[in-house]
Amino acid sequence: MIGRLAQWIVEAVYPSVCAGCGRRGVWVCDRCLALQGPIAEPLCDGCGMPASLPCMCRDLPVEIDRFRAAFVYDAWVPVAIHRFKYRDEPARGRSLAAAMQPAIHSLGRLDALVPVSLHSKRRSERGYDQAHVLAEELGRLTGVPVVSCLERTRYTVPQVGHGHVDRRENVRGAFALRGDCGLRAACRVALIDDVRTTGATLGECATALAPLKPAFIGAATYAAAVPGLTPG
């Protein structure tokens, strides 16, 4: 009874609206999903791109062993992410995380989901951390523990509008490992974020995890930018 009441309150405060056509009552409707569906197998084992798109392993940060995304960053997908991050729709995170489940399973056995943390200033401005929302929902769906072992050590300007080199320089050294995060050596972890553009942020997060000597560092996002498809 309490669970149903809580869900009703969430739906009243954050009513679901399709990111594609604006239809109420659903986060993305079947019609829009048919126009831009999830990334489908077969996939490149490294970069996770489908056979219909060019392999992007060359652009994958060397620190990342395997990357997966639920969708290509195109059509209605950027709107869904924008509304989730900037339009005060944390409740949309449950839908986004559900779509990311196959991506998590494709990474193999995992010991922890590690969200890509926001700086405390930006988290305070936004009211929540979208990567943490995604990770918590994914943890609930998959049973993989969420370990918030990364902290953003300095405030960085938004990555939007910057090229690969500038993005990497912008986030260089911006993440650090929290003291005694509870992860053991040779662990298998997956970084969680909303979107991968160049992979610069994920690469820096993986570098920050290096002292743990993980056996495997995967990464999963709701969307991945693909050159030639991503809106300018």
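Residues numbered from 1 in each chain as written. Predicted model: local features only at pLDDT ≥ 70, side-chain atom pairs only at ≥ 80, totals over all residues. Heavy atoms only, no water.

**Details of the nonpolar core**
The cut-off we apply is this: As used in this record, nonpolar core signifies buried Ala, Val, Leu, Ile, Met, Phe, Trp, Tyr and Cys residues forming a set joined through side-chain atoms within 4.5 Å. For every residue, the accessible area obtained with a 1.4 Å probe (protein chains only) is divided by the maximum for its type, and the residue is called buried under 20%, exposed over 50%, and partly exposed between those limits. Secondary structure elements are taken from DSSP: a helix is a run of H or I of four residues or more, a strand is a run of E of two residues or more, and numbering for both begins at the N terminus. Note on contacts: a residue pair is in contact if any heavy atoms of the two residues lie within 4.5 Å.
Core analysis: the largest hydrophobic core is formed by 33 residues, its most contacted members being Trp76, Met100, Leu110, Leu113, Ile192 and Tyr222. If you list the elements that add at least two residues to this core, you get strand S1 (66–72), helix H3 (77–86), helix H4 (93–106), helix H6 (130–142), strand S5 (188–196) and strand S6 (216–224). Broken down by element, the residue count for this core peaks at 5 residues, all from H4. The residues contacting Tyr222, other than those within four sequence positions of it, are Ala69, Ala70, Phe71, Trp76, Val77, Ile81, Leu96, Ala99, Met100, Asp193 and Asp194. Membership of the second largest hydrophobic core comes to 31 residues, among which are Ala112, Ala208, Ile217 and Ala219.

**A short note on the state of the cysteines**
Heads up, the condition is: Whenever a pair of cysteine sulfur atoms sits within 2.5 Å, that pair is classed as a disulfide.
All chains considered together, the criterion is met by 0 disulfides. As a non-bridged cysteine, Cys149 has Cys181 as the owner of its nearest cysteine sulfur, 4.4 Å distant. Accessibility expressed as a relative area gives 0% for Cys149, which makes it buried.

**Description of the pattern of salt bridges**
Worth spelling out the cut-off: By salt bridge we mean one thing: a side-chain nitrogen of Lys or Arg within 4 Å of a carboxyl oxygen of Asp or Glu.
With the rule as written, the count across this model stands at 10 salt bridges. The shortest N-O distance in the salt bridge between Arg68 and Asp45 comes to 3.8 Å. Linking Arg68 in strand S1 with Asp45 in the loop between helix H2 (30–35) and S1, this pair joins segments that are 23 residues apart in sequence. Between Arg92 and Glu89 there is a salt bridge; the shortest N-O distance is 2.7 Å.

**Details of the packing of aromatic side chains**
What counts, and what does not: The rule is short: rings of Phe, Tyr and Trp, with Trp giving its six-membered ring, pair when the centres are within 6.5 Å, and they are stacked under 30 degrees, edge-to-face over 60, tilted in between.
Scanning all chains against the criterion turns up 3 aromatic pairs. With 5.1 Å between their ring centres and 50 degrees between their planes, Phe71 and Tyr222 make a pair best called tilted. Remark: Tyr222 occurs in strand S6 and Phe71 occurs in strand S1; sequence separation between them is 151 residues. This pair shows no difference in class: Phe71 is buried, exactly as Tyr222 is.

**With respect to the packing of H4 against H6**
Worth spelling out the cut-off: The angle between two axes is taken between their N-to-C directions and runs from 0 to 180 degrees, where each axis is a line fitted to C-alpha atoms and a helix contributes only its stretch in contact. Every angle not falling under 35 degrees, over 145, or within 65 to 115 is termed oblique; those three ranges are roughly parallel, roughly antiparallel and roughly perpendicular. Two helices that cross are described as forming a left-handed crossing if the nearer one is turned anticlockwise from the farther one by less than a right angle, and a right-handed crossing if clockwise.
Where H4 contacts H6, the axes come no closer than 8 Å and their chain directions differ by 60 degrees. When the axes of H4 and H6 are compared, the pair comes out oblique. Regarding H4 and H6, the two cross each other, and that crossing is right-handed. Between H4 and H6, the contacting residues are Gly93, Arg94, Leu96, Ala97, Ala98, Met100, Gln101, Ile104 and His105 on the first element and Val133, Leu134, Glu137, Leu138, Arg140, Leu141 and Thr142 on the second.

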